[in-house]
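Tertiary structure, described
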Amino acid sequence: MYLIRTVNALHKKIQLLKKTKNTIGLIPTMGNLHDGHIKLILLSKKYADIIIVSIFINPMQFNNLLDLQNYPKTFKEDYQILQNIGVNIMFFPNVNDIYPNGIKNQTFVEVPKLSKVVEGQSRPGHFKGVTTIISKLFNIIQPNFSFFGEKDYQQLLIIKTLVKELNYMIKIISLPTIRLKNGLALSSRNNNLTVEQKKIAPYLYKIIQKTSKKIITQNIENRKKIIDESRFSLIKKGFLIDIFDIYDRNTLNLSSEKSKKIIILASAWLGKTRLIDNKKIF
Ligand code: PAF
């Protein structure tokens, strides 16, 4: 595996590899790799000849400095995982190489409407940071395929919109959320949970599942009552709720229409850790 630290070196290496291999698969990450990432990488090998994993904790998408500082940094472990799994290139740039003129002066890319709702309301500027770094990675690497987890549902929807609306010739491939046996969605942020919080965290998905069942079996007109009950259950468990509601899967507008494709989107704090999860209904 090649460890590459700069955009220039990456360009050169890709040119060289492309002499004998054809397609490129990119898995963008912020490191602290877990089973969810590994499943994406294994899947990518079925699609592409050259597998590139980028690890970049993108400061532009953090609207909270403390969150950025606390984000787990596990270079050695990540390097070992990627080496063992047979990735071709680990791209590990530093901030100055990606944003040489600083973040404030950086040209940005934004998917307007979808970036401003749900998570975008709680984390202003977050998705602008995501779409900017993803566009940069797409332009630098020009992959044929790029792989994302479905845990970050809104992010995935926004990236698919970005690809469509900016005519990137890249196929976005997603994988369902990988969970622990107790239902907790794998996330790098789980590492910040205390032992006690790790026992409570699985209730986020348990309550999402209960809500989903109620929505299916009861009258959807009861949506507000069902959601209020679920929120109350989460609060009782010790969560501080940021988002918990039912949305249209394409527009991310609040939805109570049974005929449409809908999704429960949730994000809630346990202490200093913000967990997010979702479940499609219908
Ligand atoms: O989901 C993530 O890890 C990040 O938002 C991503 C897609 C790598 C962009 O920095």
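Residues numbered from 1 in each chain as written. Predicted model: local features only at pLDDT ≥ 70, side-chain atom pairs only at ≥ 80, totals over all residues. Heavy atoms only, no water.

Quick word on the pattern of salt bridges
Taken as a whole and judged by the stated rule, the model has 13 salt bridges. Of the charged contacts, one joins aspartate 277 and arginine 179 as a salt bridge, the two residues approaching to 2.9 Å between their closest N and O atoms. Pair noted here: aspartate 277 is in strand 9 (residues 273-281) and arginine 179 is in the loop between strand 6 (171-175) and helix 10 (195-200), with a separation of 98 residues, a long-range link. Among the residues examined, arginine 179 registers a relative accessible area of 24% and is labelled partly exposed. A salt bridge links lysine 214 to glutamate 229; its shortest N-O distance comes to 2.7 Å. Taken as a pair, lysine 214 in helix 11 (residues 203-217) and glutamate 229 in helix 12 (residues 223-237) lie far apart in primary sequence, 15 residues in all. Since its relative accessible area comes to 24%, lysine 214 is described here as partly exposed. According to the relative accessible area criterion, glutamate 229 is partly exposed, its value standing at 30%. (Salt bridge = Lys/Arg side-chain N within 4 Å of Asp/Glu carboxyl O. Helix = DSSP H or I, 4+ residues; strand = E, 2+ residues; numbered from the N terminus. Buried < 20%, exposed > 50% of the residue type's maximum accessible area, 1.4 Å probe, protein only.)

Here we look at the side chain of serine 115
Examined against the element boundaries, serine 115 turns out to sit in helix 6 (residues 112-116). The buried category is assigned to serine 115, whose relative accessible area is 6%. Reaching out from serine 115, the side chain makes a polar contact with the backbone oxygen of valine 111 at a distance of 2.6 Å. Discounting chain neighbours no more than four positions away, the residues touching serine 115 are Glu110, Gly120, Phe127 and Ile158. (Polar contact = N/O pair within 3.5 Å; in protein donor to acceptor, adjacent residues only side chain to side chain. Contact = heavy atoms within 4.5 Å.)

Some details on the UniProt feature "active site" (unreviewed entry) in the chain
The residues that UniProt annotates with the feature "active site" (unreviewed entry) are His37. Within the secondary structure, histidine 37 sits in helix 2 (residues 35-47). Apart from the residues lying within four places of it in its own chain, the contact partners of histidine 37 are Thr29, Gly31, Asn32 and Ser188. (UniProt positions renumbered as here; feature names shortened; annotations may be inferred.)

Quick look at the sheet that holds strand 2 (residues 24-29)
The strand order 1-4-3-2-5-6 describes an open sheet built from six strands, whose pairing is parallel. Two strands in the sheet have a free side with no partner beyond their single neighbour: strand 1 (2-4) and strand 6. In this sheet, adjacent strand axes meet at a mean angle of 25° when their direction is disregarded. Pairing of strand 2 with strand 3 (residues 50-55), which is carried by six bridges, proceeds in the parallel orientation. (Pairing = 2+ DSSP bridges. Axes fitted to C-alpha atoms, helices over the stretch in contact; angles between N-to-C directions.)

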